[in-house]
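Reading the structure
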Amino acid sequence: MFTSPLNLAQALEKEGYLIDEETATTLFLSLALKKPCLIEGPAGVGKTQLALALARVVNRRLIRLQCYEGLDINKALYDWNYAKQLLRLQLAKTVEWNEIKDDLYSEEFILSRPLLESILSSEPVLLLIDELDKSDEEFESFLLELLAEFQVSIPELGTLSSKTKPIVILTSNNSRDFSDALRRRCIHIYLGYPSLEREISILASQAPELSEQLIQDVCGFVSRVRKLPLQKLPSVSETIDFARALNVLQKEELNYGELMGTLSVLLKYPKDIAKLEERLKKWESEKRSK
Amino acid sequence: MDGWKFIRLVQAMRQASVSISSQDIQDAQTCLQRYPYLSEKLITRSILIHRPQDYSIFETVWRIIIEDLTSSERGSEENDRKEMIIENQDSSIGIGGQGVGRGYGGISLTQKGPIVDAVEVSRQIPASRIEELISSGNQFEDCFKAILANIDYYSWINSYDLAYQRGQLIEEEWYQHQNSRDCLLQEIRQLLISVQVTQENSWEPLVRQHWMFKSLSSLTESEKALVKSSIRKWARKLAIRPGFHWVKSRQGTVDITQIVRQSVQWNGVLFRLCFRRRKLRAAELVVLCDISNSMASFVEFLIYLVTCLRDRFRKVRVFFFIDSIWDITNFIWDDDQSFKQEIQSWGHKVSSGFSDYGAVFKEFATKILTDVTARATVVILGDAKNNYRPAQTEYLAQISEHVRKVVWLNPLDTVEWSERDNQMKDYQKYCSKVYRCRSANDLQKVVRDFL
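Residues numbered from 1 in each chain as written. Chains lettered and ligands numbered in written order. Predicted model: local features only at pLDDT ≥ 70, side-chain atom pairs only at ≥ 80, totals over all residues. Heavy atoms only, no water.

Before going further, it helps to examine the overall build of chain A. Secondary structure assignment for chain A yields 14 helices and nine strands. The buried share of chain A, reckoned over its 290 residues, is 50%. For chain A, contacts bridging at least 24 residues in sequence account for 74% of all contacts bridging at least 6. With an accessible surface of roughly 14,000 Å², chain A has 49% of that area assigned to carbon and sulfur atoms. (Helix = DSSP H or I, 4+ residues; strand = E, 2+ residues; numbered from the N terminus. Buried < 20%, exposed > 50% of the residue type's maximum accessible area, 1.4 Å probe, protein only. Contact = heavy atoms within 4.5 Å. Areas by Shrake-Rupley, 256 points an atom, 1.4 Å probe, with all protein chains shown as cover.)

What follows is the structure in structure tokens.
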């Protein structure tokens, strides 16, 4: 598929995703070994975007399972189509029960959810299990069979193995730790906030309409903001939105004194905004005294 | 990569509590052979490490096994040069060094002198100096502090702190300083562990630095988060198998066993309906925490555990104490910050700052014990250091008689329980169980065993 990590990084760059050498190597190894890849890191650093870009690069259909508390097998793997089963029973009133009882629990009456869909798919797919840390531990344990063997067991049907091994990407915001069993089955990538240089490149590629000066100013400002003790640090997508917002306001460069009112694009908690506004005054006086 | 080195690496990682499966080894070997042009370190780390917190262990082991072997050929000439640098630094009078007892005078308040670069640490601090510190029987943290004192770390950080407070440093420079400070500390820790491992000829020093086995008082912020995450996990496991037991009741579920048992007594002729209902095993939890300076870092984790477990108990009451007692039950459920602030404000206003267990038990027994049920479990978190005040064990005995169980969690090592100002031996007689609760591993044992 890819000859080297560099080759993978270049392909992802074409799709608008900039990846560093270390992450590219780990992702490359995960693809080479055909093992699931667990991507961890704070919200908004591009974990999901990496999976989406990879799906485009490898030209596979993306099947996404968004995890949440209470997610169970019926919503993630399969469910029986009860309406169809009832209909079948009504149509078969004259037929012997023994003849139809097996038929009721066949593949025809099954409703495929994302996990089963990825297993049964005849074409190669990329399965994205997003924000796995939001799901319960029971669900995590259930995934082990899928991650290790690329197969699932349905009591009425037996074990179903994948026809074409899907690329599996799991993402997590670290809100809870995973078991050793799950981690062992995956190759691990930790994505942190990008460096200043990388973020400048990301902004330049994602928002080409912005001036070079504005991009540099915004990225420098955001990297300073990320050092503050805030409840939620600004993500890359929020940086892009913030730069675009300044562009809409026809700012060619970033001045600390003119940011009031635009900070809500960057930060999402009133407490954080208040803290930053306070800090802006200090930064401005530092700038003046320089 | 040399196969022997690879096996040593895997063995060392396993001994340092990093889980590495046979499949991982096979995958790593496959990749190392298939992609010889890729960095061996990157391949090995990508395949063998599954948790971000294990990266530092990997770095240390890699450094000891792979990098140190290649750099061992460095001649004695370089070693001599290192010794000279340290000797020169030792002789510089007027540096001070807060809290390390150098005794040469105050801290430099104006000049921000140069400091050893993190990259240069291994060159500028000679291994012989570290070996000397370790072989003198010092604890890891003491050796670490001694090295920091040697390189004038304390005067360096103090001068920067003051410069920042005075506005001589802009925030950007301050952050850069913070980063280099962290890198330096990390580098020195790694160096120290490397020397310790070599000297002891065992991976035990590395295991001691694992967050599960480190003292709760010396954890970094990220390690604290890990411990709290583990506590949540343990608490959740306990919550899904809560400690209920069945009791006789006038209403509730029909108790077939009891009916049959009674019916048998009457030859099965007559029977009377019996009922039963489920009842929480631990009806009430009362937590007493010593929050004097030596204990503050441990309290945080116990309170977090109690917060996670509160649904398991019918009633939870939390008291803090130093030399008198106060009820903080209403504060701890909000968030971490509010109860920390409460500790600070109350501790400063009301307390002398020195623990007095005897007075605290007396106050508890006379004022609070009447409100505590006989089914309650009392958990005491404290080091039992009574500052040479009377132990007043009779009050703990009174508490112990009144409640179902008294459990004592002590963060000190068991050998320290017999020190002169420590009353643990006296108090121990009146406790149902006493645990050493110094690390996350100890805390896990307590949760498993007692809860």
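Resuming the write-up.
Counting from both sides, the interface comprises 31 residues of chain B and, opposite them, 34 residues of chain A. For the pair chain B and chain A, the summed buried area comes to about 2,900 Å², and 50% of that belongs to carbon and sulfur atoms. Area buried by chain B at its contact with chain A is led by B:H50, B:R51 and B:E171, which between them contribute 20% of it. Linking chain B with chain A are five salt bridges, by the criterion used here. Applying the counting rule to chain B against chain A returns eleven residue pairs in polar contact (both at pLDDT 80 or more). Broken down by secondary-structure element, the contributors of at least two residues to the side of chain B that touches chain A are helix 2 (22–34), helix 3 (40–48), helix 10 (171–200) and helix 12 (221–240) of chain B. (Buried area = accessible area lost by both parts, 1.4 Å probe. Salt bridge = Lys/Arg side-chain N within 4 Å of Asp/Glu carboxyl O. Polar contact = N/O pair within 3.5 Å; in protein donor to acceptor, adjacent residues only side chain to side chain.)

Turning next to the sheet that holds strand 8 (residues 167–172) of chain A. Residue and element names in this part refer to chain A. With parallel pairing, five strands are arranged side by side in an open sheet as 2-5-8-1-9. Pairing within the sheet leaves two strands with one partner each, and these edge strands are strand 2 (61–66) and strand 9 (187–190). The mean angle between the axes of side-by-side strands here comes to 20 degrees, regardless of whether they run parallel or antiparallel. Bridge count for strand 1 (residues 37–40) against strand 9 is four bridges, and the pairing is parallel. Bridge pairing in strand 9 links I39 to I189. The sheet contacts of helix 2 (residues 21–33) involve strand 1, strand 8 and strand 9, and relative to strand 9 the element is tilted by about 160 degrees. (Pairing = 2+ DSSP bridges. Axes fitted to C-alpha atoms, helices over the stretch in contact; angles between N-to-C directions.)

All right, on to the sheet that holds strand 6 (residues 325–327) of chain B then. Residue and element names in this part refer to chain B. The sheet built from six strands is open, its strands ordered 6-5-4-7-8-9 with mixed pairing. The open sheet is flanked by strand 6 and strand 9 (433–436), the only strands paired with a single partner. Sheet twist, expressed as the average angle between the axes of neighbouring strands with direction ignored, equals 20 degrees. Note that strand 5 (residues 315–321) and strand 6 share three bridges and pair antiparallel. Bridge pairing links F319 to D327 in strand 6.

With that settled, the discussion passes to the confidence of the model for chain B. All names here are of chain B. When pLDDT is averaged across chain B, the result is 79; 79% of the residues are at 70 or more. Helix 3 holds the highest mean pLDDT among the elements of chain B, 94, whereas helix 5 (residues 76–90) holds the lowest, 45. Note that residues 72–110 has pLDDT below 50 and, in this model, 50 contacts with residues that lie over four places away or in other chains. (pLDDT = per-residue confidence, 0-100.)

Let us look at the packing of helix 9 (residues 153–165) of chain B against helix 10 of chain B. Residue and element names in this part refer to chain B. The N-to-C vectors of helix 9 and helix 10 enclose an angle of 160 degrees; their axes lie 11 Å apart at closest approach. One finds that helix 9 runs roughly antiparallel with respect to helix 10. The element helix 9 and its partner helix 10 pack so that their crossing is left-handed. Packed against helix 9, whose contacting residues are Y153, W156, I157, Y160, D161 and Y164, the element helix 10 presents E171, W174, H177, S180, R181, L184 and L185 at the interface. For the contact of helix 9 with helix 10, the residue count by class is eight nonpolar, two polar and three charged. (Parallel < 35°, antiparallel > 145°, perpendicular 65-115°, else oblique. Left-handed = near helix turned anticlockwise from the far one by under 90°. Nonpolar A, V, L, I, M, F, W, Y, C, P; charged D, E, K, R; others polar.)

Right, let's get into the packing of aromatic side chains. All names here are of chain B. Tallied over the full model, the rule gives 23 aromatic pairs over all chains. Ring geometry for F319 versus F364: centroids 5.9 Å apart, planes at 85 degrees, classification edge-to-face. Of this pair, F319 sits in strand 5 while F364 sits in helix 17 (residues 357–368), placing them 45 residues apart in sequence. Grouping residues by exposure puts F319 and F364 together as buried. Site record: aromatic cluster; members linked through ring pairs are F321, Y357, F361, W408 and Y427. Its end group placed over the ring of Y55, R45 keeps NZ or CZ at 4.8 Å from the ring centre. (Phe/Tyr/Trp six-rings, centres within 6.5 Å; stacked < 30°, edge-to-face > 60°. Lys NZ or Arg CZ within 6 Å of the ring centre and 35° of its normal.)

Let us look at the side chain of B:H50. As for its placement among the helices and strands, B:H50 is situated in the loop between helix 3 and helix 4 (55–71). Polar contacts involving the side chain of B:H50 include one to the side chain of B:D24, which spans 3.0 Å. When near neighbours in sequence (up to four residues on either side) are disregarded, B:H50 contacts A:R183, A:R184, A:C186, A:H188, B:S19 and B:D24.

Attention shifts here to the packing of helix 2 of chain B against helix 3 of chain B. All names here are of chain B. Relative to each other, helix 2 and helix 3 sit at 155 degrees, their axes nearing to 9 Å. What the angle tells us is that helix 2 and helix 3 run roughly antiparallel. Judged by the twist between their axes, the crossing of helix 2 over helix 3 is right-handed. On the side of helix 2, the interface is formed by D24, I25, D27, A28, C31 and L32, while helix 3 contributes E40, I43, T44, I47 and L48. Across the contact of helix 2 with helix 3, the residue classes tally to seven nonpolar, one polar and three charged.

Turning next to the pattern of salt bridges. By the definition in use, this model includes 31 salt bridges over all chains. Between B:R51 and A:D180 there is a salt bridge; the shortest N-O distance is 2.5 Å. Residue B:R51 is located in the loop between helix 3 and helix 4, and its partner A:D180 is located in helix 9 (residues 180–184); the two belong to separate chains. Residue B:R51 is classed as buried on the basis of its relative accessible area of 13%.

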